[in-house]
Amino acid sequence: MEDSLLEENPLLLPLNRDHTLYDGFITARERDFRLRVLLPPGRPFKRARLRCCWQLKHLLQGCEGVVKQRLRRASGLASFLLELKTVMEVCLRSRPECRSIPPPQYYAQLIAEMETLGWGRLLAIDTEFRTLRLKAEDSSGRQHVLTVQLKARHPAEAPECSADLPVPLALTWTPQSSLDQLHSQFLLVLDSLSQFWDGLDEMDSKTWILEPEKPSRADTMRRIAIGTNVSIRVELDPKHPTMLPECCLLGAEHAVTPLRNKLNANMHLWNPDASVLHNLRDVLEIEFPSPASHEKSNFSVECGICYSYRLEAAVPDQVCNDPRCGQPFHQACLYQWLRALPSSRQSFSIVFGECPYCSKPITVKMASQQS
C-alpha cells in the first residue's frame, strides 16, 4: 500500500516512522500544491486532519464539504488522495483563474528579457505578468501591436502570440528563445506585408472607402465608391499584393456593365510594378472620387426600405436597375420585402419581385445567413 502511495504521489513523503505524518506536494493538471496530512494514533482515517497551502485552499474554496465527505469515506490515504485529485481537476477546469504562482526565476527571466528588448517597447502588461502587449513599427512607420501570453514554464514552453495581421502569425520558439528574438521575427513578418499595406493605405487616403467602415490591419477587402450607387469591391492577396486582385462591381446593371466590359477588355494591361489603385484607374479608365474633391455623403445613400445607411456591418449594395430610379437597398431588407409580396416568386436562391419605389422588376439573391 505504501509503495502504491509513493508511486502515485512521489512528492508526498512520510515524516515519521509510524507513517502518521505526511508532507509534500500533490499534483493536478501539471501544477503542484503543498499538502500535509496528519493521521491520528491507530490511524482511523475518518479522523485525519488536512493542512494545505493557501493556493490549494483558494482552489478548493466552496468545495470544502465535498472534500470532508470524501475524507470520511476514504479507506486510506491513497484512496483519499485520488479523490482529492479528482476534485482539484474539476476545480482547475471550471476555474482557470486559480493558477499557481510562477517561481521567482520566472520573474527574473522576464525582467532580464525586457531589459534586452527595451522597456520602451512594452505597451501594457497584466497584473499576473503573463500577458504582454509589445509595440512594433514597420519600415513605413505604421504602428503594430504583438500580444504575447507567457506560460508558467517560460521560457521552456512556447508563448501564445497574436497580432492584427491578414495572415496567420507563425513565430518559432525554442527553450533558448527570448522576447527580443520574438520581436525581431515579428518585424520581419511586418516587412513582408509592407507592400500589401502600402496598397491599402493609398486606397484609404485617395478614395472613398464604403466598406469596411473602420478597416483593421487584418482586412484584405476594400469597397471603393465610383459614383452614386456604383462601387467596386477589391480583395487583395497579402502574399501577392500588386497582382490583379479579385474585383466585383456593384450597382445598377446599366452603370456596371460598361465598367465590367472595360475590366475584361483591359485586364492584360495590369502592371505588377505599379500600385493597385493606379492599375484600377487604367483598367477601368476612370478617376475615382477622392476626399479632396467629393463629400462622402454623395455615396452614402440610405436604404430605401429601412432608411438607414448601415445595417449592422452591411451597407446598401442592391440597386434598382431602372436608370430613372436607381434606389439602393440592403440585401437583407430587399430580400425580406420581396418575400412578403404576394406577387414575388423564388427560383433557387433568387427572389423575383417589384422595386418598392418604381415597381419595375428587381431581383435579389438570398444571403447565406438567410439560407
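Everything below is about the structure shown above.
Residues numbered from 1 in each chain as written. Predicted model: local features only at pLDDT ≥ 70, side-chain atom pairs only at ≥ 80, totals over all residues. Heavy atoms only, no water.

Help me out: how do you make sense of the pairing of strand β2 (residues 21–28) in this one?
Side chains on a regular strand alternate between the two faces of the sheet. Within β2, 6 of the 8 residues are buried, which leaves the element mostly enclosed by the surrounding structure. By the bridge criterion, 3 bridges tie strand β1 (residues 12–14) to β2 in an arrangement that is antiparallel. Each bridged residue has a counterpart across the sheet, and for Leu12 the counterpart in β2 is Gly24. Linking β1 to β2, which pair antiparallel, is a turn of 6 residues; within it His19 sits at a positive phi near 55°. Once β2 ends, the chain turns through 2 residues before running back antiparallel as strand β3 (residues 31–38), passing Arg29 with a positive phi of about 50°. (Buried < 20%, exposed > 50% of the residue type's maximum accessible area, 1.4 Å probe, protein only. Helix = DSSP H or I, 4+ residues; strand = E, 2+ residues; numbered from the N terminus. Pairing = 2+ DSSP bridges.)

Looking at this structure, how should I read the sheet that holds β1?
The pairing of strands in a sheet happens through backbone hydrogen bonds and is either parallel or antiparallel. Spatially, β1-β2-β3-β4 is the arrangement adopted by the 4 strands of the open sheet, whose pairing is antiparallel. Where the open sheet ends on each side, the last strands, each with one partner, are β1 and β4 (49–52). Between one strand axis and the next, the sheet turns through 25° on average, direction left out of account. Alignment of β2 against β3, held across 8 bridges, turns out to be antiparallel. Residue pairing in the sheet places Asp23 in a bridge with Arg36 of β3. (Axes fitted to C-alpha atoms, helices over the stretch in contact; angles between N-to-C directions.)

For this particular structure, what's the right way to read the sheet that holds strand β10 (residues 221–227)?
Strand order in the open sheet formed by 4 strands is β9-β10-β11-β12, and the pairing between neighbours is antiparallel. A single partner strand is all that each edge strand has here, and the edge strands are β9 (209–211) and β12 (246–250). Averaged over all neighbouring strand pairs, the angle between strand axes comes to 30°, with direction disregarded. In the sheet, β9 pairs with β10 via 2 bridges, with the strands oriented antiparallel. Paired with Ile209 across the bridge in β10 is Ile224. In this fold helix α8 (residues 253–266) packs onto β10, β11 (230–235) and β12, with an angle of close to 155° to the strand it touches most, β12. (Contact = heavy atoms within 4.5 Å.)

I would appreciate a short explanation of the packing of aromatic side chains in the present structure.
One pair of aromatic rings is described through two measures. These are the centre distance and the angle between the planes. Taken as a whole and assessed by the stated rule, the structure comprises 4 aromatic pairs. Each ring, one from Tyr106 and one from Tyr107, has its centre 5.2 Å from the other, and the planes form 85°; the classification is edge-to-face. For Tyr107, a relative accessible area of 28% translates into the label partly exposed. Here the aromatic rings of Tyr107 and Phe129 are separated by 6.0 Å at their centres, their planes lie at 85°, and the arrangement is edge-to-face. Here Tyr107 is found in helix α5 (residues 104–117), whereas its partner Phe129 is found in the loop between β5 (122–125) and β6 (131–137), with 22 residues between them in sequence. For Phe129, a relative accessible area of 39% corresponds to the partly exposed category. The ring of Phe25 carries Arg34 above its face, with NZ or CZ at 5.5 Å from the centroid. (Phe/Tyr/Trp six-rings, centres within 6.5 Å; stacked < 30°, edge-to-face > 60°. Lys NZ or Arg CZ within 6 Å of the ring centre and 35° of its normal.)

Help me out: how do you make sense of the environment of Gly326 in this one?
When you line up the elements, Gly326 lands in the loop between β13 (318–319) and β14 (328–329). Gly326 sits 151 residues away from Pro175 along the chain, and the two C-alpha atoms are 63 Å apart. Setting aside anything within four residues of it in sequence, one finds Gly326 in contact with Asn229, Val319 and Cys320.

It is not clear to me how the nonpolar core should be interpreted in this structure. Could you clarify?
In a soluble, globular protein the nonpolar side chains are often hidden away together inside. In terms of nonpolar packing, the biggest core is built from 41 residues, with Leu179, Met203, Ile224, Ile226, Ile232, Leu280 and Phe288 touching the most fellow members. If near-sequence neighbours (up to four positions away) are discounted, Ile226 is found in contact with Ser231, Ile232, Leu249, Leu259, Ile286, Phe288 and Pro289. In this structure, Ile26, Val67, Leu81 and Cys91 belong to the second largest nonpolar core, which totals 24 residues. (Core = buried A, V, L, I, M, F, W, Y, C linked by side-chain atoms within 4.5 Å.)

How should unusual backbone geometry be read in this particular structure?
Trans is the prevailing form of peptide bonds, just as negative phi is the prevailing case for residues other than glycine. Of the consecutive residues His154 and Pro155, the connecting peptide bond is found in the cis state with omega at 5°. Relative to the helices and strands, Pro155 is located in the loop between β7 (143–149) and β8 (160–163). Residue Pro212 is bonded to the preceding Glu211 through a cis peptide linkage, with omega at -10°. With respect to the helices, strands and loops of the structure, Pro212 is situated in the loop between β9 and β10.

Looking at this structure, I do not really get the packing of helix α7 (residues 194–206) against helix α9 (residues 276–284). What am I missing?
Two quantities define a packed helix pair, namely the angle between the helix axes and the distance between the axes. It is the contact of α7 with α9, at a shortest axis distance of 8 Å, that shows an interaxial angle of 65°. Contacts between α7 and α9 involve Glu202, Met203 and Lys206 from the first element and Val276, Leu277 and Arg281 from the second.

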